[in-house]
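Secondary and tertiary structure notes
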Amino acid sequence: MATHSKNPKTPDHPFAHHIEEEFTRILDYYGIVWEYEPQTFPLEWDDLGNVQEAFSPDFYLPQQNLYIELTTLKPNLTTKKNRKIRRLIELHPEINIKLFKRADLRQLMIKYGLDKEAEKITGNQAQK
Amino acid sequence: MASFSNLFSPDLIEGISDVLVSAEQIEQRVSELGRAISVDYAGKNPLLVGVLKGVLIFMADILRAITVPVEVDFIAVSTYSPETRDKGLVRLLKDLETPLNGRHVLFIEDVVDTGLTLNYLLSNLRTRSPASLEVCTLFNKSRHRLVDLPIKYTGFDLPDRFVVGYGLDHRERYRNLPFVALLTPQVVHSGRKET
């Protein structure tokens, strides 16, 4: 699903997690163009060539040629996501991707005074 | 903490855990940056531009470390916050008073983190046709960088932690500390409003 921001108002999107919507609001505020899950990268195939595993980074910033993946999972639960990103880089070393972990996102929310959002990340709400 | 706890009011250093960059280290590095800028900008009468408010302390020190003629001006922009996020785009709160056309401009930053604000400001300043536009930051936190920007002068690379002091604040507090320090997680995540 490729969707562009429509600055200055963030349009409604079926984001998988509320932190993604907040992230797009920040990008919109600073005039950064983004796309939401614009591309799915196959990572593993079976013997018949069928895709067994794939990965869709959350965002692509075309002006920066940068993919962004957000996760609010606790560090001990990010193994699968880390492995997918490592595999993506193995297959596509030309791709720039940055993972914003739980602590990164919490710090980002605090930086912008979004205490409630930071608390949500700290708490035990459903993790993405 | 014992080394500085007797120098400051307890309520100023409450929540400080470790000093990351000492006042002496900052002084030495600012002096080195000042010398480099003085060589590079000799005869160019550069205009130093800073974005309020965090840069105030670094600007005051780097100005005095530069040994060639310079001019200075300040700009202020709105920051994303719960109060501003529904008001559209970032906007200028205070514009420069100095025309930039044909000037050698050195943008002075206290810290570059995501690069979002700096990217906005550099884009804005480029439209004013400066002869050159470079960036000097005392602190660089690249872990959260969303916009890759060319930085000509960097003082220190900082880890991916919430730091305060030497102009850097947490809810407008701690700017006046002469060093850069880590805050305890309890304070960072407290959500309290400082008075």
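Before any of the text, the structure's been laid out above.
The following paragraphs examine the structure supplied in this document. Every chain's residues receive numbers from 1 upward, in the order its sequence appears when written. Throughout, the order in which chains and ligands are written sets their labels, letters from A for the former and numbers from 1 for the latter. Only residues with pLDDT of 70 or above have their local features reported here, since the model is predicted, and side-chain atom pairs are shown and tallied only from 80 upward, although totals for entire chains, interfaces and linings are computed over all residues. Here the side-chain values reflect all heavy atoms present in the structure, with hydrogen atoms and water set aside.

Let us look at a nonpolar patch on the surface. Residue and element names in this part refer to chain A. Each patch is assembled from residues with relative accessible area greater than 30% and no salt bridge, linking like charges that lie within 9 Å and nonpolar side chains (Val, Leu, Ile, Met, Phe, Trp, Tyr) that lie within 5 Å. Per-residue and other accessible areas follow the Shrake-Rupley method at a 1.4 Å probe size, with only the shown protein chains counted as cover for residues. Salt bridge, as applied in this entry: a Lys or Arg side-chain nitrogen positioned within 4 Å of an Asp or Glu carboxyl oxygen. A cluster of nonpolar residues, Trp 45, Val 51 and Leu 91, forms a patch on the protein surface that exposes about 260 Å² of accessible area. Within the secondary structure layout, Trp 45 lies in strand β2 (residues 41–45). For each residue, the accessible area found with a 1.4 Å probe, counting protein chains only, is set against the maximum for its type, and the residue is called buried under 20%, exposed over 50%, and partly exposed in between. Its relative accessible area of 42% is what places Trp 45 among the partly exposed residues. Comment: elements are numbered from the N terminus, with helices defined as DSSP H or I runs of at least four residues and strands as E runs of at least two.

Moving on, we come to the packing of aromatic side chains. Only rings of Phe, Tyr and Trp enter the pairing, Trp through its six-membered ring, and a pair is recorded when the two centres are within 6.5 Å. The plane angle decides the type: under 30 degrees is stacked, over 60 is edge-to-face, the rest tilted. Here the structure, examined in full by the defined rule, presents 15 aromatic pairs over all chains. Ring geometry for Phe 15 of chain A against Trp 34 of chain A: centres 6.3 Å apart, planes inclined by 45°, an arrangement best described as tilted. Linking Phe 15 of chain A in the segment before α1 (18–29) with Trp 34 of chain A in the loop between α1 and β1 (35–36), this pair joins segments that are 19 residues apart in sequence. Summarising the burial analysis for this pair, Phe 15 of chain A and Trp 34 of chain A share the class buried. Among the aromatic residues, ring-to-ring pairing joins Phe 15, Phe 23, Trp 34, Tyr 36, Phe 59 and Phe 100 of chain A into one connected group. When the ring centre of Tyr 41 of chain B is taken as origin, the NZ or CZ atom of Lys 44 of chain B, which lies over that ring, is 5.7 Å away. Comment: the charge-over-ring label is applied if NZ (Lys) or CZ (Arg) is within 6 Å of the ring centre and within 35 degrees of the ring normal.

Here a residue-residue contact requires only that any non-hydrogen atoms of the pair lie within 4.5 Å. Taken together, the contact between chain B and chain A spans 32 residues of the former and 31 residues of the latter. When the two sides are added together, the surface that chain B and chain A hide from each other amounts to roughly 2,800 Å², 56% of it contributed by carbon and sulfur. There are three salt bridges connecting chain B and chain A. Here Arg 143 of chain B and Asp 104 of chain A are joined by a salt bridge, their closest N and O atoms 2.8 Å apart. Here the element with the most residues in the side of chain B that touches chain A is helix α5 (residues 116–126) of chain B; it accounts for three residues. What counts as buried area is the accessible surface, traced by a 1.4 Å probe, that two parts surrender upon association, with contributions from both included.

Each strand in a sheet pairs with another by means of backbone hydrogen bonds, the pair being arranged parallel or else antiparallel. All names here are of chain B. The three strands are arranged β1-β9-β8 in an open sheet whose pairing can be described as antiparallel. Bordering the open sheet on either side are β1 (16–21) and β8 (163–164), each of which pairs with just one other strand. Across two bridges, β8 lies against strand β9 (residues 180–183) in antiparallel orientation. When the sheet's bridge partners are listed, Val 164 is paired in β9 with Ala 181. At least two DSSP bridges between two strands are required for those strands to pair.

Residues and elements named next belong to chain B. The strand order β4-β3-β2-β5-β6-β7 describes an open sheet built from six strands, whose pairing is mixed. Each edge of the open sheet is held by one strand with a lone partner, namely β4 (92–94) and β7 (153–157). The sheet shows a mean angle of 30° between the axes of neighbouring strands, taken without regard to direction. As paired strands, strand β5 (residues 104–112) and strand β6 (residues 132–140) are joined by eight bridges and run parallel to one another. By the bridge assignment for β6, Val 112 is matched with Asn 140. Each of β2 (47–51), β3 (71–77), β4, β5 and β6 touches α5; the most contacted strand, β5, lies at about 170° to it. Helix axes use the C-alpha atoms of the stretch in contact, all axes being lines fitted to C-alpha atoms, and the angles between their N-to-C directions lie in the range 0 to 180 degrees.

Any link to function would need more than the numbers given here.
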